[in-house]
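Residue-level listing of the chains:
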Amino acid sequence: MDMNQYLSMFIDESNDHLQSLNESMMGLEANPEDLSIVQVIFRSAHTLKGMAATMGFEDLASLTHQMENVLDLVRNNKLRMQDFIFDTLFKSIDALESMVEDITGGGAGKADVTAIVSSLQAIVRGEVPSAGNASAEVTAAASGNASAAQVFLDEFQYSVLEQSLQEGHQVLYVDVAIRKDCQLKAVRAYMVFDLLERSGEVVKSFPSVQDIEQEKFDYGFSLYYITQKDASEIQKMILNLSEIEAVTAVALDQESLRQMGQDTAAATAEAPAPAPVQEAAPAAAGNASPAASLHPKEENGKAAPARAGGAPSPSRTIRVDIERLDVLMNLFSELLIDRVRLEQLASEVQNGDLTETVEHMGRVSGDLQNIVMKLRMVPVDTVFNRFPRMIRDLAKSLDKKVDLIITGADTELDRTVIDEIGDPLVHLLRNAVDHGIESIADRVAAGKPETGTVQLRAFHSGNHVFIEIEEDGKGIYPKNVLASAVKKGAITQEQANTMSDDEAYQLLFAPGFSTAEVISDVSGRGVGLDVVKAKISSLGGNVTIYSTPGKGTNFSVQLPLTLSIIAAMLVRLGSEKYAIPLSSIVETGIVKQAQIRTIHGNRMLEFRGSHIPLVSLSKIFSVPDYDESTEEETEIVVVRKGERLVALAVQDFIGQNEIVIKNLGKYLPEVQGISGATILGDGQVALIIDPNAFIK
Amino acid sequence: MAEDIKVIVFKLGTEEYGIEVEKVQTIERMMPITRVPKTYSFIKGVINLRGVVIPVIDLRGRFGIEEAEHTDQTRIIIVNVNEMEVGFIVDSANDVIDLNRDIIDVPPDVVGGIKAKYLDGVAKIGDDRLLIMLNLSEVLNKSEIVQLESLEG
């Protein structure tokens, strides 16, 4: 069978699954006991395996198969997630990604993954190197419990328990076994909880309350309990209930509790009935989550972990080749042109019915235009979703603690911009974690929390989308930047003395400029902020730095909503019409011949206190039927490239318009001073002026 | 017997030329052309062909023949070669004929003043009709144009 026709589908879907694997793994790492996430991961891996096997990518299939073996043990509670397993699984996902990349590039998806496979197999055999094992045993011993069952506490629960101890309450670890012939074990369990809650509070149970409710446990469960009563008293109380096989209640002291808190997720334990540990019992001291109730709300309990596991929201979509959308756009612009013609004809004919119909058609096609444009819009999420994993790896390799907070991931941008913006953002994020966020020791010394925060924000503003990367790191000192620039000979000491802070920050974008004292593995690969700036500029965007020394830095990237539609000023030169992108226009005006001076043979113009060159568009473009030199007064458009300004002489301003950018075709890839073409309402082609070409 | 090919026949002055029909997208009547400054003189500009911007070449100019006034007969032949869409302005285009490859001869060194490299061959139809088959890749080859321009400029 010819598989080529399925290849692109395979690649698309594989990438989706890999993304979902990455996201789910991140979610699982944050919440290692949530087995529902493991289910999501397992399903993705399983689908991937099936697809790869069908397509004949054996290496891919066998690696996913090994991953599945590990995940299978985890989801069946035979294995507990821990750092080593996470790292191995992440490595596996990386290997899968590079295989899929290879396939995308036309390769066979082969890769040497023996090391990873043997690691995975070792995990399956139970040979897990674990640093946490030793202390786990201590904890088990401290609890004096024969059962190896462990209940892992999160930070919050741990602090609740610790506080209770300090306030003189008893903290008990209670292990309850129900008789094997018990008919309604959930009811028994409920009775135990009910009893316990009369004289204290259950902070955490294992399995979770929801699972116990749904009889998702064997014949035993354990819990942490705060009370005033003695351990033996509690033991007796529970044993008084019928169908209870055995109860052990152990009082914990500060020391054993501390060890348990540290061991969270670090130990392997053959728990009799481990299952996802969700929330503490509802009555848990100060626990703010009302959702976890002993009684109904099962829906709630089920739905929440599914969402946390990164399951995609059920929006229904289809994949469309971007070229088909381009065809749709072209057809649509034709329709618009016809509409303009129809409107003209209707106004000449003066027939009421006709005018009405044409007006209605105008409204419908206006709505249609909006929809067509929206089809090309993609949420920035598609770029952002790979960053959590990247930041995690980066923070680990730099031995820093970093939280990445993403907001506005649903902000939409044109597909053409989305495709280009990934690399600059990667660079800025790396920059933020590497140069911005301090080491843990430095942060503590500066009185900041150990964990640094990187905020990645996207939002709409007017005709632009802003993407901001803000961290609470050490900030940028303009003085240091200037000193470094002087040292490198980029500017002189005199220039440095007169530069404002903003100008100093702009120096960071100069080629070959880096303030990093030490070149680390992460940055310093020869790619500087100048490349970021150039890329963003080429997209018609802009980067700005705001920094408060000692407090943090904000890189703000301003991007156009789309590359295919821009606001432009239409101007006339004789019989020809040109469009000048509004984004580079500073202002328009009229100058008298007398105001134009010649300096060194160049025509200059005084503009706001300085002299700027005046460029004759009609001469440069050799316009046949217009020459401004004979005019008494000349209309000018002042355009900007960075700090430099140039005035372009034109004949008339026609007005501002939203224009659809088209290229000049493959035969004319580059024409000096022209960046593309657009089709005007009357069907005529107007050329788009590239103002940058006039500014050296 | 070699196969038959379908050929679009068009005129420049008195000469008749042929382009294989697969390479021709459409034949359009003359339409408004937007001049593109700073490019070769034979590129007349760009047109809006149903929403797509396409450059238009005056084939007379390209071959160094004196350019002519556009008439009712003037046509723009849109060709698609090497993924490039280009329009050729020709004096007229009004025939499609079947041609047997056998009757296409290797071009003589000079045919009607046009460099032989632009030609694929010459077909003799009937007694007095000569059809010049164009080598479109060469006609659209720009590296050669650059050379020409720099020589002239």
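In this report, the structure presented in the accompanying data block is examined. Numbering of residues starts from 1 in every chain and runs along the sequence as written. As a convention, the first chain written is A and the first ligand written is 1, with the rest following in written order. Restriction of local features to residues with pLDDT of at least 70 applies here, the model being predicted, together with a cutoff of 80 or more for giving and counting side-chain atom pairs; totals for whole chains, interfaces and linings are based on all residues. Each side-chain value is worked out from all heavy atoms of the structure, with water and hydrogens disregarded.

### Details of the packing of helix H3 (residues 58-75) of chain A against helix H5 (residues 114-125) of chain A
Residues and elements named next belong to chain A.
Part 1: The axes used here are C-alpha line fits, helices contributing only the stretch in contact, and every angle between their N-to-C directions lies in the interval 0 to 180 degrees. Secondary structure follows DSSP: runs of H or I at least 4 residues long count as helices, runs of E at least 2 residues long count as strands, and numbering of each begins at the N terminus. Where H3 meets H5, the closest approach of the two axes is 9 Å, and the angle between their N-to-C directions is 25 degrees. With respect to H5, the element H3 is oriented roughly parallel. Read as a crossing pair, H3 and H5 show a hand that is left-handed. Residue-level inspection shows Leu63, Gln66, Met67, Asn69, Val70 and Leu73 of H3 in contact with H5, the latter providing Ile116, Val117, Leu120, Gln121, Ile123 and Val124. Convention used here: angles under 35 degrees read as roughly parallel, angles over 145 as roughly antiparallel, angles from 65 to 115 as roughly perpendicular, and any remaining angle as oblique. By the definition used in this description, the sense in which the near helix is turned from the far one sets the handedness, with an anticlockwise turn below a right angle giving left-handed and a clockwise turn giving right-handed. The contact criterion used throughout is that any non-hydrogen atoms of two residues lie within 4.5 Å.

### Remarks on the interface of chain A and chain B
Part 1: Opposite the 28 residues of chain A that make contact, chain B presents 25 residues.
Part 2: Reported buried area values correspond to the accessible surface (1.4 Å probe) lost by two parts on association, with both partners' losses combined. Counting the surface lost from both chain A and chain B, the interface buries some 2100 Å², and carbon and sulfur atoms represent 62% of this.
Part 3: Considering only the surface of chain A that becomes buried against chain B, A:Lys666, A:Tyr667 and A:Val685 emerge as the three largest contributors, covering 35% of it.
Part 4: Salt bridge, as used here: a side-chain nitrogen of Lys or Arg that lies within 4 Å of a carboxyl oxygen of Asp or Glu. At the boundary of chain A and chain B, one finds two salt bridges.
Part 5: Residue B:Glu83 pairs with A:Lys666 through a salt bridge whose shortest N-O separation is 3.0 Å.
Part 6: Elements with a minimum of two residues in the side of chain A that touches chain B: helix H13 (322-349), strand E13 (576-581), strand E21 (674-679) and strand E22 (685-689) of chain A.
Part 7: In terms of residue count, H13(A) provides more of the side of chain A that touches chain B than any other element does, four residues in total.

### Observations concerning helix H22 (residues 529-538) of chain A
Residues and elements named next belong to chain A.
Part 1: Each residue is placed in one exposure class: buried if its accessible area under a 1.4 Å probe, protein chains only, is under 20% of its type's maximum, exposed if it is over 50%, and partly exposed if it falls in between. Of the positions making up H22, those classed as buried are Leu529, Val532 and Ile536. Down the axis, H22 shows its buried residues gathered within 55 degrees of arc, on one side only.
Part 2: Buried-residue contacts for H22 involve helix H17 (415-436), strand E10 (542-548) and strand E11 (552-560).
Part 3: With its phi angle positive at about 80 degrees, Gly540 sits one or two positions after the end of H22. Think of the arc as the fan of directions from the helix axis to the C-beta atoms.

### Let's talk about the pattern of salt bridges
Residue and element names in this part refer to chain A.
Part 1: Under the counting rule described, the total for this entry stands at 28 salt bridges over all chains.
Part 2: In this structure, the salt-bridge partner of Arg392 is Asp393, at a minimum N-O distance of 2.8 Å.
Part 3: Using a relative accessible area of 27% as the deciding quantity, one classes Asp393 as partly exposed.
Part 4: In this structure, the salt-bridge partner of Lys401 is Glu450, at a minimum N-O distance of 2.9 Å. Residue Lys401 is located in the loop between helix H16 (387-398) and strand E6 (402-407), and its partner Glu450 is located in the loop between helix H18 (440-445) and strand E8 (452-461); the two are separated by 49 residues in the primary sequence.
Part 5: Lys401 gets classed as partly exposed once you look at its relative accessible area, which sits at 38%.
Part 6: According to the relative accessible area criterion, Glu450 is partly exposed, its value standing at 36%.
Part 7: Through salt bridges that share partners, Glu29, Asp87, Asp94, Arg389, Arg392, Asp393 and Lys396 make up one connected network.

### Description of the sheet that holds strand E12 (residues 119-125) of chain B
Residues and elements named next belong to chain B.
Part 1: Paired strands are those between which DSSP finds at least two bridges. Strand order in the open sheet formed by six strands is E8-E1-E2-E13-E12-E9, and the pairing between neighbours is mixed. Since the sheet does not close on itself, it has two edges, and those belong to strand E8 (92-100) and strand E9 (104-105), each with one partner.
Part 2: Where E12 and strand E13 (residues 129-134) come together, six bridges link them in antiparallel fashion. Paired with Ile125 across the strands is Arg129, a residue of E13.

### Describing H17(A)
Part 1: Across its 22 residues, H17(A) extends 30 Å between first and last C-alpha, which sits within 8% of the 32 Å expected from 1.5 Å per residue.
Part 2: Here the bend at each residue means the angle between axes fitted to two seven-residue stretches, the one ending at that residue and the one beginning there. At A:Ile421, H17(A) shows its largest kink, close to 40 degrees, and the proline A:Pro424 lies no more than four residues downstream. How far a helix is expected to stretch is found by multiplying one less than its residue total by 1.5 Å.

### Some points on the sheet that holds strand E2 (residues 200-206) of chain A
Residue and element names in this part refer to chain A.
Part 1: Strand order in this open sheet of four strands is E2-E3-E1-E4, and the pairing throughout is antiparallel. Two strands in the sheet have a free side with no partner beyond their single neighbour: E2 and strand E4 (244-252). Adjacent strand axes in the sheet meet at a mean angle of 25 degrees, parallel and antiparallel pairs treated alike.
Part 2: Strand direction decides the pairing type here: strand E1 (residues 170-178) and strand E3 (residues 220-227), joined by eight bridges, are antiparallel.

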